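# Remarks on the overall topology
Single-letter residue listing:
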Amino acid sequence: MLKNLTIKKASALLKNKQISALELARAYLEVALAKNQKLNACLEIFARSAEKQARKIDDLRVVGESLPDLAGLPIILKDNILLYGQIASAGSKILKNFRAPYSATVIKKLKRQGVIFLGRANMDEFAMGSSTENSAFGVTKNPHDLTRVAGGSSGGSAAAVAADMTVFALGSDTGGSIRQPAAFCGVVGLKPTYGTVSRYGLMAMASSLDQIGPLTKTVADAEMVFQVISGQDRLDSTSIAYEYKPLRNFNLKNIKIGIVPEYFGQGLDAEVAATVKKLIKRLGQAGAEIVEIKMPHFKYSLACYYLIMPSEISSNLARYDGIRFGLSRRRGQGVWDIFAASRQAGFGDEAKRRIVLGTYALSAGYYDAYYLQAQKARRLIAQDFKDAWSKVDIVLGPTTPSTAFKIGENTSDPLQMYLEDIYTVPVNLAGVPALSLPVGRDKKGLPIGAHLVANHFTENKLFALGKEIEKII
Amino acid sequence: MINKKTVKHIARLARLGVSAKDIEKFQKELSAILGFVEKLQELDTTETEPMAQATETINVFRADKARPASERFRKQFLKNLPAKEKNYIKVPPILE
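This one's a predicted model, so the numbers in the text were calculated from it and none came from an experiment.

Moving on: the nonpolar core. A:L110, A:F168, A:L170 and A:L396 are the most contacted members of the largest nonpolar core, which has 117 residues in total. The element contributing the most residues to this core is helix α2 (residues 21–39) of chain A, with eight residues. If sequence neighbours within four positions are ignored, A:F168 has contacts with A:I7, A:L70, A:L73, A:P74, A:I75, A:I76, A:L110, A:V115, A:V161, A:L215, A:T216 and A:V225. Among the nonpolar cores identified, the runner-up in size contains 59 residues, and A:A303, A:A377, B:L30 and B:L40 belong to it.

As structure tokens, this is what we get:
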């Protein structure tokens, strides 16, 4: 029953009283508890509180209350989003026992809808990674092949949706952390425009790049969730006054799709390339205009990202000091010993690596050559996108260079792992929205994702084209 | 190329304890990553303004006014403290 269930369908079943919220929650809990043994998608499943929440929704419905669309629908949260009173570890030993003292703004919005919180999803430590192999609590396995990664850093969220452990999930995306696991697991993932979704209550990784977004089974579901979680929040000063409006009268014949040769360059798997090219051809046959465009600074994106992101990390992770929360080592003499020992014991390798790299890039004597130069390169990359929007509505390419790789395949070489994000990173640097959706499988049966990018605040174009693609593939 | 002394110095700046093994590992890995990002130097950016974030909003102000924390926040916040005395955070002496 859960196999083809979407937010849209489940919401209709609940509204028509064909199923109760409690029955739905129990069905998902049963699957989640059973499948998690093998997948390790969830760090915790809130069985008891989820049933309690579901009963409340059923009670309201019985007395004839008119409820929001998402009422009674189960969600799984990435473990860096705060839900009051629950552990939020961010996949790190340093926050293993940390309980959220408040709820994120997105959580408050979902609570008002009556969403059922089913569990918290595994992730790379502090969202640093592309495979969840950097989680302090074990790797998440890909539901399509247990010897392969689910992607990352929102790997637990993507695997949970793909394995029918929940109807939908939330993730966070700093350089591809929603879209890449969505592509690897065969689900839909949205990285919204920077500033449309409040980051209040999301643990900061790289604040100028981070955004919360949904992972769902369909594009229409992603649209529904985005509509609910977006909007200005006075608790996040980078959030922007914005109200989502769906696109009316969308017609493929009026749309221009941009193809960037660099997205099909060296390092791209042949089967992934063929699948995405086939999709482009079909869109062209269906009436869309296909335009080749240039992005001359695309090749600098990853280098730019690997300076800006660690710099912001080195600053943001300074708060984990063993004084106010989290793991604390107090063997030393003074407060400085507490800082150094707690951070050494609590952080994993990738977090340490990025803290050191970022501190180096920001330190006196290197700031201009590294951080400042990266910020300038960032403007050039953002300008490439601006130039693109004068010619096309959407840029289309593959989400990832390959399908899901084997567990352990990329762990020995950090640089190799960083190349995973090559197509997704430019989007975060420019702050534009992007959607990954499944468009096929390779010969091994592993999902392939297509990556749609649009101008700031035009998520509606992504959803409209995404829905068309779902129809024609 | 980054040397061991620099790694040690940077780790100290970051208040991060590191073992001899860590230093050796980070020296190699950071050198490789810095080699990779080196290609940004070939960009001519003399006329380019730095970009700090995408929406480039500036000076979002709010009133400088304390908002009392809720009782449920206080309760959970205090529970998270690694060391406390009554309702205070406990730290070692900072000044002699």
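For the coordinates displayed, the defined rule picks out 22 salt bridges over all chains. Residue A:R120 is joined to A:E44 by a salt bridge in which the shortest nitrogen-to-oxygen separation is 2.8 Å. Of this pair, A:R120 sits in strand β3 (residues 116–121) while A:E44 sits in strand β1 (residues 42–45), and the two are 76 residues apart along the sequence. A residue is classified by how much of its surface remains accessible, and A:E44, at 26% relative accessible area, is partly exposed. Between B:K25 and A:D349 there is a salt bridge, with its nearest N and O atoms 2.7 Å apart. Here A:D349 lies in helix α11 (residues 349–362) and B:K25 lies in helix α2 (residues 20–37), a pairing that spans two chains.

Turning next to the environment of B:T57. Secondary-structure assignment places B:T57 in the loop between α2 and α3 (71–80). Spatially, the C-alpha atom of B:T57 lies 32 Å from that of B:I10, the residues being 47 residues apart in sequence. When residues no more than four places from it in sequence are discounted, the contact partners of B:T57 are A:S237 and A:I240. Side-chain polar atoms of B:T57 contact the side chain of B:Q53, separated by 3.3 Å.

Bringing the packing of α11(A) against helix α1 (residues 4–13) of chain B into the picture now. Relative orientation of the contacting elements α11(A) and α1(B) amounts to 95 degrees, with a least axis distance of 9 Å. The angle between α11(A) and α1(B) places the two elements in the roughly perpendicular class. In this structure, α11(A) contributes A:V356, A:T359 and A:Y360 to the contact, and α1(B) contributes B:T6, B:I10 and B:L13. Along the lines of polarity and charge, the residues of the contact of α11(A) with α1(B) split into four nonpolar, two polar and no charged.

Turning our attention to helix α10 (residues 335–346) of chain A. Residue and element names in this part refer to chain A. Under the 1.5 Å per step criterion, the end-to-end length of α10 is 16 Å for twelve residues, consistent within 8% with the ideal 16 Å. Residues of α10 that are buried: V335, I338, F339, S342, R343, A345 and G346. Seen along its axis, α10 keeps its buried residues to an arc of 165 degrees; they face one direction. Those residues of α10 that are buried are in contact with α11.

Cut-offs and rules
Residues numbered from 1 in each chain as written. Chains lettered and ligands numbered in written order. Predicted model: local features only at pLDDT ≥ 70, side-chain atom pairs only at ≥ 80, totals over all residues. Heavy atoms only, no water. Core = buried A, V, L, I, M, F, W, Y, C linked by side-chain atoms within 4.5 Å. Buried < 20%, exposed > 50% of the residue type's maximum accessible area, 1.4 Å probe, protein only. Helix = DSSP H or I, 4+ residues; strand = E, 2+ residues; numbered from the N terminus. Contact = heavy atoms within 4.5 Å. Salt bridge = Lys/Arg side-chain N within 4 Å of Asp/Glu carboxyl O. Polar contact = N/O pair within 3.5 Å; in protein donor to acceptor, adjacent residues only side chain to side chain. Axes fitted to C-alpha atoms, helices over the stretch in contact; angles between N-to-C directions. Parallel < 35°, antiparallel > 145°, perpendicular 65-115°, else oblique. Nonpolar A, V, L, I, M, F, W, Y, C, P; charged D, E, K, R; others polar. Expected span 1.5 Å × (residues − 1). Arc of directions from axis to C-beta.

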